[in-house]
Every structure is written in structure tokens, then in C-alpha cells.
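Inside the fold
These are the residues of each chain, in order.
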Amino acid sequence: MQLKKEIGLKNQIKSKPTQYRNFPMVPRVIYGPGSFGQLGEILMPQRKSSDAPVIFLVDDVFEGEELANRIPLLFDDQLIFISADEEPKTEQVDALVSKLLSDYEELPSAIVGIGGGTLLDLAKAVAIMLTNQGTASEYQGWDLVKKPSVYHVGIPTISGTGAEVSRTTVLLGPQKKLGINSDYTPFDQVVLDPDLARGVPADQWFYTGMDCYIHCVESLNGTYLNAFSQSYGEKALDLCKEVFLHDLTEDESREKLMMASWHGGMSIAYSQVGVAHAMSYGLSYVLGTRHGIGNCLVFQHLEEFYPEGVELFKQMQEKHGILLPEGICASLSEQEMDTMVSVALGLEPLWENALGSGWRDIMTPSRLKSLYKKI
Ligand code: NAD
Ligand code: ZN
């Protein structure tokens with residue numbers, strides 16, 4: 001009887017259909033207005049020697065600003081200002097890595113990224129490529145990174161992408177725009193200081209904030225949703241509604257959007273994004289459209305997929321007087337349009353999450369083309 005029971009149990013375990021994924025998370029985070037002031041003491045125990053520097057990759061919008069003076073430089077540390085005018089590229093990562101390898105005899109003790117998604121992704125990618133052979137484009141994909149990265153710290157100065165918490169670093173490579181998704185990608189330490197987001201221009205605040213809102217809508221309406229993702233997605237969505245539809249003080253708004261970004265990122269870790277992100281990747285690949293505004297440009301036309309989400313988006317847009325450019329795709333050649341469609345349709349998990357396993361019958365190339373033509 002007992003044996004039968006045991007055999008039954010073993011069979012049950014053997015035939016268990018689902019293999020759950022085992023995700024790493026950011027192990028350390030400090031939150032609070034002014035917490036950036038503790039960066040020096042956070043880094044101190046990570047410093048291997050005076051010859052192993054800390055490298056600060058900082059958005060050049062802070063060049064000559066007070067924040068730059070507060071960076072805790074010691075020994076041979078280096079502060080490198082980088083423009084976020086263009087999204088990060090694999091060749092940019094390769095150039096930074098070869099510079100650092102030739103500037104120092106020892107590997108850096110830490111890479112610290114200070115800025116928006118662009119600088120956070122660059123910092124993650126540089127930390128990975130300092131310890132892994134070859135070029136960054138060879139690692140675009142899933143779980144291709146073999147060796148642990150250099151200790152890296154993410155310090156967001158604008159909220160929404162969730163790059164501070166995600167397991168990816170999105171890079172534009174010679175052939176594709178794709179992330180380095182790996183267990184070695186997430187930051188070892190994140191500093192969430194809402195005061196750093198004080199100077200963000202209103203339109204950019206809206207676009208990057210909407211990235212978070214759209215993460216929530218796509219995650220919560222996706223077929224991949226589970227209770228883990230839902231719990232984070234719902235919290236992030238509530239925070240976005242407070243930030244973009246209520247009348248908060250500026251301090252409250254910055255604090256809540258920073259946490260919305262974190263929760264939105266956590267939500268998509270275990271689910272996926274959807275139609276807007278797939279289409280936005282196509283726009284970005286062909287036209288170089290930035291992630292935040294690209295998502296907005298697409299999302300406004302997706303009422304057939306996300307009716308409530310799009311209605312709220314339009315209310316938020318109106319409340320903040322955000323006007324989006326029109327006719328972006330009007331002058332595209334047939335060939336460019338075909339490329340855009342094929343880049344977007346190549347993002348299979350996003351479509352499967354959004355529309356289910358039969359997505360190919362729902363989102364045909366001609367339907368996608370007609371959606372693009374509205375933009
Ligand atoms: P960003 O880093 O591209 O910056 C946008 C603009 O805001 C830039 O002009 C920048 O200089 C400015 N800025 C940033 N902080 C500022 C401040 N405090 N004051 C004044 N100006 C400031 O913006 P983003 O929207 O955060 O990031 C977009 C990038 O993130 C894209 O490259 C996208 O691919 C990537 N992304 C990554 C993930 C991920 O999980 N890794 C997720 C979503 C998006
Ligand atoms: Zn996004």
C-alpha cells in the first residue's frame with residue numbers, strides 16, 4: 001500500500017508538466033530622498049584595492065551639475081559622461097570595455113550607472129563584457145553569458161523603464177535590437193533616490209513614466225500573467241494612476257513614480273510585455289524612435305487590444321497637455337514598412353503573451369501594417 005502510494009507520487013512528480021523559471025533579483029536596494037549621499041559608504045567594502053577603480057558612467061545631462069560633484073571619487077576612479085541622446089549600442093559597449101581594459105591593469109571594482117534606462121543598460125552591459133570574451137552583440141539573446149559580471153550599481157535619475165530591476169540590458173546591435181538577458185545582468189545594488197529625478201523635463205517625464213504604465217497594462221492583460229506578476233503589476237498600475245491622474249505634490253509624484261517603475265519592472269520579469277512594445281521595437285529599429293515616446297505613439301492606437309488602458313492613457317495625456325507627433329510612418333517606403341513589420345513580428349513571446357498561442361492568425365502582417373499607418 002505504502003509502496004503503491006510512493007510509486008504514485010513519483011509518477012506524479014515525473015509527469016509534472018511545468019518547469020518554473022528561477023529568477024535572480026537585485027539583492028540590495030537603498031531607498032529614500034537623499035540616499036545618493038550614502039553611495040561612498042556603499043562602495044567602500046566593494047573596493048578591491050587602490051588599483052581596482054570604481055567607474056562611474058553618468059548621463060552627460062549632469063555635466064557641470066551639483067550631482068557630478070557629489071560622486072564619491074577615490075584613487076584612480078573614473079567618471080565618464082555619456083550622452084543619452086541615442087539608445088545604447090553594442091559597439092559603444094565594446095569601445096568602453098576596451099578603454100577600461102587598457103586604462104587599468106586590474107579589473108574595476110565596480111561599474112556604477114547613473115541616469116535613465118540608457119545609462120543603466122550601458123552599465124549592466126559593460127559590467128558583463130569586462131569578464132566575458134568577445135563582443136557584446138554575441139551575447140544578445142537569452143542566457144548566453146557564461147561568467148559573473150563585475151559588481152555593478154544602478155542609480156536611476158528618471159523613472160519608468162524598470163531597467164533598475166530587470167534581468168536585461170537592451171542594446172542596438174549590428175543586426176538586431178535585443179537585450180542581453182541573463183542571471184548576471186541584474187544590478188548587485190540599486191540606489192533609489194527620488195531627488196535625483198528633479199530636473200526631468202515634463203514631456204520626457206511623461207514618456208518614460210508611460211513606459212511603466214504600459215508595462216502594467218501589457219502584463220496585466222497578457223496570457224502569461226500569474227499571481228506573482230499580477231501583484232506587482234496592480235501595485236504599479238495604482239501608483240501610475242495616482243501620479244498621472246491625481247494632484248500629488250512634486251515630491252510625492254517623484255517618490256511614487258520611482259516605486260511604480262520598480263514594481264512594473266518586477267511585474268514583467270515573470271510575464272511579458274505585449275503589442276505596444278513589439279510595435280515600438282519596430283519603430284525604434286527603422287526610425288530610431290526612442291523607447292518611451294515610441295510606446296506612446298503606438299499605444300494610443302491600440303484600443304481594440306487594451307480598451308480601458310488606452311482610455312486612461314488618453315486622460316493622462318490630456319491632463320498633462322502632452323501632444324504626440326503625427327504622421328511618423330506616412331513617408332516610409334514599402335521596404336521600410338516591411339522591415340518594421342518583420343522586426344515587430346519577430347518578437348514572438350510578446351505576441352504570444354498579448355494574443356495567445358494562435359497570435360499569428362490574429363496579427364497578420366497586413367493588419368500590423370495598417371496599425372503602423374495610423375501612427
Ligand atoms: P533615457 O535614459 O534614454 O533618458 C531620456 C532623457 O532624459 C535623456 O535626454 C536624458 O539625458 C534625460 N534625463 C535623465 N535623467 C534626467 C534628469 N534627472 N534630469 C534631466 N534630464 C534627465 O530614458 P529612459 O526612458 O529612462 O530610458 C530609455 C532606454 O531604456 C532605452 O534605451 C530602452 O531600450 C531602455 N529600456 C531598458 C529596459 C530594461 O529592462 N533594461 C526596459 C525599458 C527600456
Ligand atoms: Zn518598456
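Report on the accompanying structure. Source: prediction; values computed, not measured.

Concerning the site of ligand 1
With respect to spatial proximity, 27 residues lie near ligand 1, and among them G117, T118, D121, S166 and R290 are the closest. D121 places a side-chain nitrogen or oxygen 2.8 Å from a nitrogen atom of ligand 1. With respect to ligand 1, the backbone of T168 contributes an N or O atom lying 3.1 Å from a nitrogen atom. Compared with its free state, where it exposes 870 Å², ligand 1 has 91% of that area covered by protein. Counting only elements with at least two residues in the shell around ligand 1, the list comes to α5 (117-129) and α6 (202-220). Split by residue class, the shell around ligand 1 holds eleven nonpolar, eleven polar and five charged.

Observations concerning the pairing of strand β9 (residues 189-192)
On β9, burial covers both faces: Q189 and V191 on one face and V190 and L192 on the other are all buried. Pairing between strand β1 (residues 28-31) and β9: four bridges, direction parallel. Note on β9: the bridge partner recorded for R28 is Q189. Relative to β9, strand β6 (residues 152-156) runs parallel, the two being bridged by two bridges. Looking across to β9, one finds that V153 is bridged to Q189.

Quick word on the coordination of the zinc ion (ligand 2)
Surrounding the zinc ion (ligand 2) are the protein donor atoms D211 (OD), H215 (NE2), H277 (NE2) and H291 (NE2), which sit 2.1 to 2.2 Å from the metal. The coordination sphere of the zinc ion (ligand 2) comprises four donor atoms, whose angles at the metal cover 88 to 168°; the geometry is irregular. In primary-sequence terms, the residues that donate to the zinc ion (ligand 2) follow D-x3-H-x61-H-x13-H. One end of the pair, D211, is in helix α6; the other, H291, is in helix α10 (residues 291-299), and 80 residues separate them in sequence. Look at D211 and you get buried, because its relative accessible area is 1%. Look at H291 and you get buried, because its relative accessible area is 18%.

Focus on the nonpolar core
Counting 57 residues, the largest nonpolar core has Y213, M279, F299, L302, W351 and Y372 as the members making the most contacts within it. Looking at which element gives the most residues to this core, the answer is α6, with nine residues. If near-sequence neighbours (up to four positions away) are discounted, W351 is found in contact with V275, A278, M279, A344, L345, G356, W359, M363 and L368. In terms of nonpolar packing, the next biggest core, distinct from the first, is built from 36 residues, V145, V165, W262 and M266 among them.

A closer look at the environment of S35
Note on placement: S35 falls in the loop between β1 and α2 (39-43). In this structure the side chain of S35 is engaged in a polar contact, spanning 2.7 Å, whose partner is the backbone oxygen of G32.

What about the sheet that holds strand β5 (residues 141-142)?
What the three strands build is an open sheet, ordered β5-β8-β7; its pairing is mixed. At either margin of the open sheet sits one strand with a lone partner, and together these are β5 and β7 (170-172).

Notes on the pairing of strand β8 (residues 177-181)
Burial of β8 is extensive: five of the five residues sit out of reach of the surface. With two bridges connecting them, β5 and β8 associate as parallel partners. When the sheet's bridge partners are listed, G141 is paired in β8 with I180. Here three bridges tie β7 to β8, and the two strands are oriented antiparallel to one another. Each bridged residue has a counterpart across the sheet, and for L171 the counterpart in β8 is L178. The antiparallel hairpin formed by β7 and β8 contains four residues in its connecting segment.

What counts and what doesn't
- Residues numbered from 1 in each chain as written.
- Chains lettered and ligands numbered in written order.
- Predicted model: local features only at pLDDT ≥ 70, side-chain atom pairs only at ≥ 80, totals over all residues.
- Heavy atoms only, no water.
- Near = heavy atom within 4 Å.
- Polar contact = N/O pair within 3.5 Å; in protein donor to acceptor, adjacent residues only side chain to side chain.
- Areas by Shrake-Rupley, 256 points an atom, 1.4 Å probe, with all protein chains shown as cover.
- Helix = DSSP H or I, 4+ residues; strand = E, 2+ residues; numbered from the N terminus.
- Nonpolar A, V, L, I, M, F, W, Y, C, P; charged D, E, K, R; others polar.
- Buried < 20%, exposed > 50% of the residue type's maximum accessible area, 1.4 Å probe, protein only.
- Pairing = 2+ DSSP bridges.
- Donors = N, O, S within 2.8 Å, 3.2 Å for Na, K, Ca; no water.
- Tetrahedral: all angles 85-135°; square planar, octahedral: opposite > 155°, others 65-115°.
- Core = buried A, V, L, I, M, F, W, Y, C linked by side-chain atoms within 4.5 Å.
- Contact = heavy atoms within 4.5 Å.

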